[in-house]
Amino acid sequence: MAQSLGLAVPLGAAPCNLNTAASLNGPPPPSPSPPTPQGGLANGSPSTTAVPTTESAPLGGSSSNTTTSSATLPNPSLVEQEEQLPFQPPINTVQQILNTTVGKCRIFVVTLEHIKLSQKRILDLPPLECAVNLEALSRQHKELYDAMAVETSMLSRLFDEILLIPAEMHHAKRLQMNLNKYMKQLDLYQLELMHYIRPDTVPCPAALLITDQPFSRSIVKGQTVALEAQLLLASSIGLKNVGPVDVDIVQLHGSAKKGVKSSGPAIENASESLDSEGKVRFHLRFPAGTNKKPVTLRLHATMSYHPLKCHNPDLAQPGVRVIESNASRPFIITTNSIQWRDSEGILLKMEAFGDATEISWAKFANTLQSYYLGATRQNPEQPNRPLTLKDFEFLNALKFDSSTTVTLQAFDNFWEWFGAALEKIRHQKNLCPLWLKGYIYGFISKVDSEKLLSSFEEGSFLIRLSDRFPGKYACAYVYDGTVHHSLIKDTDVAGNKRTLVDFLHEIDHVRTIIQVRCDFNGHLQLNKCVKNDMLQEFLSEKQESCTPGYEEFPPPGMRPIPRVVPPDSATVSSEQLLAHAALFIDQHTQQHP
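Computed from a prediction, not measured in an experiment: that's the story for all the values here.

Student: Looking at this structure, how should I read the confidence of the model for the chain?
Tutor: Low pLDDT marks regions whose predicted coordinates should not be analysed in detail. Averaged over every residue, the pLDDT of the chain is 80; the share at 70 or more is 73%. Segment residues 1–89: pLDDT under 50, and 185 contacts once partners within four positions in sequence are set aside and those in other chains are kept. Per-residue pLDDT stays below 50 along residues 254–265; that stretch engages in 18 contacts with residues further than four places along the chain or on separate chains.

Student: Would you mind going over the sheet that holds strand β18 (residues 460–465) with me for this structure?
Tutor: Hydrogen bonding along the main chain pairs the strands of a sheet, whether they run parallel or antiparallel. Pairing within the open sheet is mixed, and its five strands lie in the order β20-β19-β18-β21-β22. In this open sheet, the two strands that pair with only one neighbour each are β20 (482–488) and β22 (524–530). Taken over all neighbouring pairs, the strand axes of this sheet differ in orientation by 30° on average, direction set aside. Relative to β20, strand β19 (residues 473–479) runs antiparallel, the two sharing seven bridges. Directly across from tyrosine 479, in β20, lies its bridge partner threonine 482. Across the sheet, helix α11 (residues 531–539) lies against β18, β21 (512–518) and β22, angled at about 85° from β22, the strand it touches most.

Student: I would appreciate a short explanation of the nonpolar core in the present structure.
Tutor: Nonpolar side chains tend to gather and get buried jointly when the protein is soluble and globular. The biggest cluster of nonpolar side chains holds 63 residues, and the ones touching the most others in it are Phe364, Leu368, Phe418, Phe443 and Leu500. The residues contacting leucine 500, other than those within four sequence positions of it, are Leu431, Leu434, Ile440, Ile488 and Val493.

Student: So what exactly am I meant to see when it comes to the pattern of salt bridges here?
Tutor: A side chain with one charge can pair with a side chain of the opposite charge if their charged atoms come near. A complete count under the given rule lists 17 salt bridges for this structure. Of the charged contacts in the structure, one is a salt bridge between arginine 139 and glutamate 135, with a shortest N-O distance of 3.9 Å. Here arginine 139 and its partner glutamate 135 are both found in helix α2 (residues 127–161), four residues apart, which amounts to about one turn of the helix. Overall, the relative accessible area of 59% leaves glutamate 135 in the exposed class. Aspartate 342 is the salt-bridge partner of lysine 292, the closest N and O atoms lying 3.1 Å from each other. Here lysine 292 is found in the loop between β12 (279–285) and β13 (295–305), whereas its partner aspartate 342 is found in helix α4 (residues 340–353), with 50 residues between them in sequence. Overall, the relative accessible area of 31% leaves lysine 292 in the partly exposed class.

Quick notes on the rules
Residues numbered from 1 in each chain as written. Predicted model: local features only at pLDDT ≥ 70, side-chain atom pairs only at ≥ 80, totals over all residues. Heavy atoms only, no water. pLDDT = per-residue confidence, 0-100. Contact = heavy atoms within 4.5 Å. Pairing = 2+ DSSP bridges. Helix = DSSP H or I, 4+ residues; strand = E, 2+ residues; numbered from the N terminus. Axes fitted to C-alpha atoms, helices over the stretch in contact; angles between N-to-C directions. Core = buried A, V, L, I, M, F, W, Y, C linked by side-chain atoms within 4.5 Å. Buried < 20%, exposed > 50% of the residue type's maximum accessible area, 1.4 Å probe, protein only. Salt bridge = Lys/Arg side-chain N within 4 Å of Asp/Glu carboxyl O.

Below is the structure:
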């Protein structure tokens, strides 16, 4: 990569001093975001950490950041029985990389604008003068493209080599999307130069780009999904008209459903118009499932334009072109909750592995984190309970034999167990809030739960995932001075009206639940909570008030009270009144002895 873009003042552009911003290999501008805790590394050796480096692109933007860090940080646990985590990240390394990339992206935006103005000015020159400047302009294109490719590669390496905290992962994904947009825009500028030289072989330099999408994940049939896209143009295109933007479902084997299929429409709200900024937003609705088969979306629109710039004005002709977008990330439309586990497993495998048969543990863990946060409906930037380094250590040891790589076969075995547990957390009533608040401990072995509970008093308990039975939960509890284990059966929490909350409420010999709080870096905090107090907020949700105009059923065993019609006092004697009163008292005495 060139050390400098050499674009201080692009040809034909207004004067601009790029030296006011940091150079591509200099320190980044100050970031407004506060520093966040650092993620852990996965390097094969758990006791050391290595920062990914490259000779052509230092991680921190200067040679001072290219050294490998082997320092470890103390990671004390608030529970004495727990061991320290083996993953010890360097201080703020990832945040420094992201801040540096942010600074470079600012330079890329400025440089793209300068290239646009310069290119527009040059293409308006007479052919001979234009040709003199084309070589220098092409050279600027290449330098900028190489610089952006280095940053894109660096972000990919972060995903492949470092366990990222959710906020960093979200930030890195947004940066990747921005870089893809900048590179696509530069591609159009390059196509425009090629069209100037050979107008008969190069298409019109315009494209639709999907800029925001909720995939990859499964979508429930009938659910409304937001999708955004933008029309990108080269520097000198004069538009006549752009028709509505339409959306197609494209199956991965290549056949497209052009808006409709034999059984009815494939997508609703699938046609929208561009706004004044060239952007379009859809609220798509999918009325039919895809039978657990992944599909993608593509956008297309018809555009008419004025003659484009070329070296021979006689060859310049107006035209009409159908422009298409890039494909969306894959997704599956499910028709019921039973399809959710298999669909999520298919999409997770596709995103993590692609065409590979083996990937790094860090790449798999980062992809799993993203799907887990979506499955538990958490904020991807500030989740209540992300998968932590301690959780990843547990999962890696339990299902992957502490390997630094993940194979397709190992993934299938893992998802059979983890997918079943995640499905229950997502769909079974009260499980997700119990999980997010830490009342379900989750990732702890039978042996470790015994060690943990050995120091707690009688009646203390925790809920964990069963190691051997996929999708089942086990209760470890202290009874008669000993830690016991009971598997929570499906019949214990069966039906819509019986949940884990009901099961725990009915067990008298467990009184104190162990609540777990743990940040991403594994700092653990355990709280003792009175079971009945904890369950009260969930039990209160089941207490519904009487519907207006209706009465509640009487309690079991209650006999109906016969109605006693009082006599008309004007026509009966006092003896009759006393007889009726005695009968009334006798009936109430029998009802309430």
